Structure formats: structure tokens, C-alpha cells
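Architecture at a glance
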Amino acid sequence: MTSLTQISANRSFGGWHYQLAYDSEALNSRTRFALFLPPHASADHPVPVLYWLSGLTCTDENMMQKAGAHRIAAELGIAIVAPDTSPRGDEVADDAEYDLGQGAGFYLDATQAPWSAHYRMERFVVEELPALIETHFPVSDRRAISGHSMGGHGALVLSLRHPGRYLSVSAFSPISHPSQVAWGQKAFEAYLGNDTALWHQHDATELLCRATEDNFCPTLVSQGLADPFLDNQLQPHHLVDAAGASGYPLTLEQHADYDHSYYFIATFIEQHLRFHQEVLNAR
């Protein structure tokens, strides 16, 4: 892809952290993403990939700079890809509020104007970006997905909507039942319209209720009990109830005193990466 350009490269724990950009067909705009390649990744030794989806107001930089993931990813031999959270640019629709528009793509393909012209985040994350990564870098097609908050919602939903695409999934503080809370309702109405049946197709709790063994995927969710958004926006108990009804293999871990910040993520990112590594390296 001739439009792929390197913005920066930094040595990190024997591997390389890259910030790159390219002209995305899915997003109809130029987009930026980050890539960490562990040591010894090569054409002769392609490595599995963890796709990380960040939360509201974030970019490709938050995970790479705040989570402290490079050391353990280097040890385990896992690449990390962190896309931006929405399309960007002067021509891209936006909103004055932080929870809609640029920085708040919700990892779905919008069907409503003006958002539908650029906001095709599901296609971008699931199809276009992995195809680019797997073509241009020494990685395999063994994929995992994870994320935080809005990105935790995205990781859970995309793994459920695309069975077999990811071998494992995890989430920190996900928006668990977005069709029932303000953040999700606002985004779904803007991006998808008023059809709540369509909203349910992008709601992890609703998808888990209908899950069958065909789309079972080992899933780890971590939630801080001092999170200010726990009761009114995140509501992870819905995931437990839905997974229990369908038999889905989900583990919810709750941690006293931890909040919604990257201090929480940095504390437990090693556990999540080791969880993914066990699945990614299984044959």
C-alpha cells in the first residue's frame, strides 16, 4: 500500500514501537495506528497479534504510552496493534460532546448520515487493518482482541459478531449493555438510527444471550470496583447473567479500590497478555 507511511519508530524492550498512517478505504480518510513488534519477529518467525481498542476520547497513543505492555509483550512474543478510536479530519463529521463523533467511533459501521460517510470502524478493525498488518509486517493470522471502556465494548462485540476471527478476547471496564445506558443509547441512535433491534446486534449482553458454541471464545473481563462509571454506564453484571444463560466461557474479575484509569490497566495488563498468550500459542 503506497500510502502507508511511518511517522515514528522507537526501540522498546528489544522490539520496535511504530506509529504509522495510511489512507483508509473503510474510513474514507487518512488514519493513524500504532504497532509494537516484539524482538525476533521476522518473516521466518511471524508472531500473533493482539488488537487493542481504546476508549472514549483516546487515540492510538494511550495504550502504547500508559499501559506498560511492551515489556511483557516482548517476553511473550506478541505484537500489539492499537488503532485510533474513530476517523479523523476536517471533512469527518464530529460533535461538540466527548461521547459522540471524533474519538467516539464505538467500533461499528454507521448507517445514518452524516456519520455513514466515514464511520465504518467495524470494517476497519475486523477486515482492513488486519489485512494491511498481515501483508506488510511479520505477523501471523492468529489474532486476539482486547480493549478498555468503549474499546472493551468493541472487543467483546466484534469477537461475538465475527466467530473464529479472534482466538481470545479480554476487556477492561467495558460498556457491557450499551443499549441500556446513556453512552450507548446516544451513539446507537446517532450512528444506527432508532431501530433498537439493530442496536442489539452491537450489544455484548444481547449477543451473549444468543451465543452458541460456534462463537464461543475464551473471555476475560476486569472491572475496578471504585470505577465512577460502574453503576450507571458499565454494568458488567449483565455479562455474567447473559454468559450464564448461554454457557459462554466468560470470567469476570472485580478489583476493590481500582478505578477507570490506565493505572488499573497497567496493574493487570500482564495478566491479560498472559491469558491471550496461552490461547495464541496453543496448537
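Structure: above.
Report follows, based on the coordinates.

Parameters and conventions
Residues numbered from 1 in each chain as written. Predicted model: local features only at pLDDT ≥ 70, side-chain atom pairs only at ≥ 80, totals over all residues. Heavy atoms only, no water. Helix = DSSP H or I, 4+ residues; strand = E, 2+ residues; numbered from the N terminus. Rg over C-alpha atoms; globule rule 2.2 N^0.38 Å. Buried < 20%, exposed > 50% of the residue type's maximum accessible area, 1.4 Å probe, protein only. Salt bridge = Lys/Arg side-chain N within 4 Å of Asp/Glu carboxyl O. Pairing = 2+ DSSP bridges. Axes fitted to C-alpha atoms, helices over the stretch in contact; angles between N-to-C directions. Contact = heavy atoms within 4.5 Å. Phe/Tyr/Trp six-rings, centres within 6.5 Å; stacked < 30°, edge-to-face > 60°.

Summing up its helical and strand segments, the chain has 10 helices and 9 strands in all. Its C-alpha atoms give the chain a radius of gyration of 17 Å, within 12% of the compact-globule value 19 Å for 283 residues. For the chain, the spread of C-alpha atoms along the three principal axes comes to 45 × 40 × 35 Å. The proportion of buried residues among the 283 residues of the chain is 59%.

Proximity of charged atoms lets side chains of opposite charge pair with each other. Applying the stated rule across the entire model yields 11 salt bridges. Here Glu-25 and Arg-123 are joined by a salt bridge, their closest N and O atoms 3.4 Å apart. In this pair, Glu-25 is assigned in the loop between strand E2 (15-24) and strand E3 (29-37) and Arg-123 in helix H3 (residues 121-136), connecting sequence segments 98 residues apart. Between Asp-99 and Lys-186 there is a salt bridge, and its shortest N-O distance comes to 2.8 Å. Of the two residues, Asp-99 sits in the loop between strand E5 (79-83) and H3 while Lys-186 sits in helix H5 (residues 182-192), which places them 87 residues apart along the sequence. Owing to a relative accessible area of 9%, Asp-99 belongs among the buried residues under this scheme. Accessibility expressed as a relative area gives 29% for Lys-186, which makes it partly exposed. A network of salt bridges, in which partner residues are shared, links Arg-71, Glu-75, Glu-270 and Arg-274.

Turning next to the sheet that holds strand E7 (residues 168-172). With mixed pairing, the 9 strands of this open sheet are ordered in space as E1-E2-E3-E5-E4-E6-E7-E8-E9. Looking at strand neighbours, the two that pair on one side only are strand E1 (5-12) and strand E9 (250-255), the edges of this open sheet. Along the sheet, successive strands turn relative to each other by an average axial angle of 20 degrees, direction set aside. With 5 bridges connecting them, strand E6 (residues 139-148) and E7 associate as parallel partners. Among the inter-strand pairings, Ala-144 is bridged to a residue of E7, identified as Ser-168. Sitting on the sheet, H3 is in contact with E2, E3, strand E4 (47-53), E5 and E6, with an inclination near 135 degrees to E6.

In this section: the packing of aromatic side chains. Inspection of every chain in the model, using the stated rule, returns 13 aromatic pairs. Where Trp-16 meets Tyr-18, the ring centres are 6.2 Å apart and the plane angle is 20 degrees; that geometry is what we call stacked. Classification of Trp-16 by relative accessible area gives partly exposed; the value is 34%. On the basis of relative accessible area, Tyr-18 is assigned to the buried category, the value being 15%. For the pair Tyr-258 and Phe-264, a centre-to-centre distance of 5.7 Å together with 40 degrees between the ring planes defines the contact as tilted. Given the relative accessible area of 29%, Tyr-258 is considered partly exposed. Taken together, Trp-52, Phe-172, Tyr-258, Phe-264 and Phe-268 form an aromatic cluster joined through their ring pairs.

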